[in-house]
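Listed below, chain by chain, are the residues.
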Amino acid sequence: MVFASKQGIKFVLTSLTFILIGCLPGLFQGVHVDFMNYVNLLKHVSIQLVHPTYFDGELTHPLFPNILAPYFYSMKILFGGLILSLIWAFLGLFLTFFLPKKAKQVIHFIAFLGESLPDILVISIFEIIVIWIYERTGLLVMNLSQSMEDIPYILPILCLSFIPACFFYRMMLVNLKEQLEMDYIEMAKSKGLRPSAILSRHILRNMAAPLLSYSRTIVWMMLSNLVIFEYIFSSAGITRFMYTYHTSLVFTIGMFLIYVPFFIFYVVLSIVLKQITGREAL
Amino acid sequence: MIRNLLKQPLFIIGFLFICVFFISSLTYSFVTHDYVPKKMLFYNHQGKLIDSAPLSPSQAPPLGNDTRGYSIAAMILIGAKTTISIAVCITVIRMLLGSVLGWLYGMYFYRFKRIVTGMLEGIHYMPMTLLAYLVLSSILIARKNYGNFQYSKVEREWFEIFILALIAVPIIATQIGDMIGETRKSEFINSSIVLGAGKWHLFWRDILPHLTPRFILFNVQQMIQVLVILVHLGVLNLFFGGTMVLGPPYEYFSTSNEWSGLLGLNVNYLMTMDKWLFIYPVIVFSLTILAFSFMSEGIKKAIEMPVVPRRKRKLNEEKEDIAEQIYAHSFEPLQLNK
């Protein structure tokens, strides 16, 4: 009960901060600070929240349901990218776990390079590869100019998962090293447990909580990657929608919509983790 | 710390790259006064006209020309010093404001930690690029049809610098505050308090020396983020200092010669045959980011290395010397009553 009310308060307060931050453009009248203007914009936006609209240069449209299609598309590729990057990282971890130390260091360094590359380079290289494949084989792997009936999923997810996978991999490797030096591993070994059992049953369980808190930083980074991705690939996603119709109202509602699934995701995960590990995550 | 840092090859590589790049950019501007070579047409050996701008890297070495015939390489080189100095400027403002607020939070208001982190929860889902775009677009974008910019160039640039600094201050302040607050819980702080240290002394003499390496690391990481957000804004057609829009059909022009303009103007060539217009600037930008990442990784490793004060080492050596002497003499016959 305490947990539920706490999360409820958090949810409401966070939604309020979206309005407060979304109205920040009103704080600046030109290059000067104008607080009354900010308050007025706040009032204006709060009233408009009941029937949100956006202006496309000629006509005013209702925001719902026009924002929902790009929103669901973005969420699919975002969550897809997050899950795929975790899968990459776990695969990499298991594959490199038994390698000699020198090879591990090399792979660690490659992952470091991967995570420090700016997203804009990764996305451009991806796009060039898609065009190159098309030029060579005539096979259009991903439709670069999007039409409504043919919306790509696989390639955006692949493209978005690259940098987070490097982050996750490196983080998990460091975490694994720390875990392996702990006493309970010695204990488990001396009891005669198989290494695979130790890894899957004990180490992974202890790695889950730090992984969860680390993943929030990654989600933040992925969201800003998504902005650039949707711009360069001109895909119909929520951040492109927010960029095209950049008003305080659209920004506030867009942020709220992005926040809701992640809020549910993290609440569910922390409940599950509490059941499994008995520890408070987040 | 510095001695450890000089032992890190990653740090040295990154640092040297940035220094050489910056200094060569300065020198180029100093010698040629920002001269950009221009070449519109390309003739072959027989003097026959083959191609016009944009020219590919093989026709106009080293990195090709853009649509107006200007050399990409020269523009990258000229833009380097401006871009890096803008980023340094924004980082310094961010870190100054963030440290003052973080110091207040960590030293005096740390018991409200739950409330503060709860309030800032929302920012962790906000793409900073979009937020910056939302705030800046009304001032930095001028449509030619509706007249010129409302504010002068200097005003626009400082406004952008301050906004880009301010949007990150809450996060930086909480992170620095957390660092200070966590350090205050450690044992050596307790013993210092027992010995009668006040808050002022505690911060300057105990906490600050302890946190300085991490603070430097934080600076470098912020530098990377600032560069990335500048270039992201450039790709979204919001160039540093303002965007001039002509049209429709819309054409965008940068009013300054730094990298966000260079990248943003050429992003649409990515899908055409003239990819190099975008790819080479992006590669140079990525190398710069990598250099900063190398620096931050080097600092991280240097922090993890054990710090051996110089005086102590000397003492140890002396001790060893004495031990050796004793050992060397231990097999000699004892000479009593010389």
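This structure is a prediction, so every number in the text was calculated from the model and none was measured. (Residues numbered from 1 in each chain as written. Chains lettered and ligands numbered in written order. Predicted model: local features only at pLDDT ≥ 70, side-chain atom pairs only at ≥ 80, totals over all residues. Heavy atoms only, no water.)

**Q** Would you take a moment to explain the UniProt feature "transmembrane region" (unreviewed entry) in chain B for this structure?
**A** Residues and elements named next belong to chain B. The positions that UniProt labels "transmembrane region" (unreviewed entry) are, in the present scheme, residues 12-31, 84-110, 122-141, 161-181, 224-246 and 276-295. Span residues 161-181 is 90% helix and 0% strand, its end C-alpha atoms 29 Å apart. Measuring from the first to the last C-alpha atom of residues 224-246 gives 32 Å, for a span that is 52% helix and 17% strand. (UniProt positions renumbered as here; feature names shortened; annotations may be inferred. Helix = DSSP H or I, 4+ residues; strand = E, 2+ residues; numbered from the N terminus.)

**Q** Please explain the interface of chain A and chain B as it appears in this structure.
**A** Think of interface size as the accessible area that goes away when the parts come together; that is how it is often given. At the interface, 50 residues of chain A touch 47 residues of chain B. Both sides of the chain A and chain B interface together cover about 4,500 Å² of buried area, and 77% of this is carbon and sulfur. Among the residues chain A hides against chain B, the three largest losses belong to Val31(A), Trp220(A) and Tyr243(A). Together they make up 15% of the total. At the surface where chain A touches chain B, the tally comes to two salt bridges. Linking Glu297(B) and Arg170(A) is a salt bridge whose minimum nitrogen-to-oxygen distance equals 3.3 Å. Seen at the junction of chain A and chain B, the total is eight residue pairs in polar contact (both at pLDDT 80 or more). (Contact = heavy atoms within 4.5 Å. Buried area = accessible area lost by both parts, 1.4 Å probe. Salt bridge = Lys/Arg side-chain N within 4 Å of Asp/Glu carboxyl O. Polar contact = N/O pair within 3.5 Å; in protein donor to acceptor, adjacent residues only side chain to side chain.)

**Q** What's the story with the domain arrangement of chain A in this structure? I'm lost.
**A** All names here are of chain A. By domain assignment, chain A separates into domain 1 (1-50 + 247-282) and domain 2 (68-245). Between the C-alpha centres of domain 1 and domain 2 there is a distance of 26 Å. The interface of domain 1 with domain 2 comprises 20 residues on the first partner and 19 residues on the second. For the domain 1 and domain 2 pair, buried surface summed over both sides reaches about 1,700 Å², with 80% attributable to carbon and sulfur atoms. Summed over the three residues of domain 1 that lose the most area to domain 2, namely Ile258, Phe262 and Tyr266, the buried surface amounts to 32% of that side. At the junction of domain 1 with domain 2, the criterion picks out zero salt bridges. The biggest single contributor to the side of domain 1 that touches domain 2 is helix α11 (residues 248-277), with 15 residues. Residues that form the side of domain 1 that touches domain 2 fall into these classes: 14 nonpolar, four polar and two charged. (Domains from an automatic or database assignment. Nonpolar A, V, L, I, M, F, W, Y, C, P; charged D, E, K, R; others polar.)

**Q** So what exactly am I meant to see when it comes to the side chain of Glu258(B) here?
**A** Residue and element names in this part refer to chain B. By the element assignment, Glu258 lies in the loop between β5 (251-254) and α10 (259-266). Buried charge without a salt bridge: Glu258, with Lys153 as the nearest opposite-charge side chain at an N-O distance of 8.2 Å. In this structure, Glu258 is in contact with Gly79, Thr82, Thr83, Ile86 and Phe240, ignoring residues within four places of it in sequence. (Buried < 20%, exposed > 50% of the residue type's maximum accessible area, 1.4 Å probe, protein only. Lys, Arg positive; Asp, Glu negative; His and termini not counted.)

**Q** Looking at this model, I keep getting lost on the UniProt feature "transmembrane region" (unreviewed entry) in chain A. Mind explaining?
**A** All names here are of chain A. Using the residue numbers shown here, the UniProt feature "transmembrane region" (unreviewed entry) corresponds to residues 12-31, 77-99, 106-133, 153-172, 218-243 and 249-273. Measuring from the first to the last C-alpha atom of residues 12-31 gives 32 Å, for a span that is 55% helix and 10% strand. Between the C-alpha atoms that bound residues 249-273 there is a distance of 36 Å. The span itself is 100% helix and 0% strand.

**Q** When you look at the packing of helix α9 (residues 199-235) of chain B against α10(B) in this model, what are you seeing that I'm missing?
**A** Axis angle and axis distance: for two packed helices, these are the angle between their axes and the distance between the axes, and together they describe the pair. Residue and element names in this part refer to chain B. Their axes nearest at 7 Å, the elements α9 and α10 cross at an angle of 35°. Considering only the axes of α9 and α10, their crossing is right-handed. Counted together, Leu230, Val231, Gly234 and Val235 of α9 and Ser260, Leu263 and Gly264 of α10 form the full contact between these two elements. For the contact of α9 with α10, a count of residues per class yields four nonpolar, three polar and no charged. (Axes fitted to C-alpha atoms, helices over the stretch in contact; angles between N-to-C directions. Left-handed = near helix turned anticlockwise from the far one by under 90°.)

**Q** Looking at this model, I keep getting lost on the confidence of the model for chain B. Mind explaining?
**A** Low-pLDDT stretches of the model should not have their predicted coordinates read in fine detail. Model confidence for chain B is summarised by a mean pLDDT of 83, while 88% of its residues fall at 70 or above. As a predicted assembly, this complex carries a pTM of 0.87 together with an ipTM value of 0.89. (pLDDT = per-residue confidence, 0-100.)

**Q** What am I meant to see in the environment of Leu140(A) here?
**A** Locating Leu140(A) in the fold gives a position in the loop between α6 (119-137) and α7 (154-180). Taking the C-alpha atoms as reference points, Leu140(A) and Asp183(A), 43 residues apart in sequence, are found 54 Å from one another.

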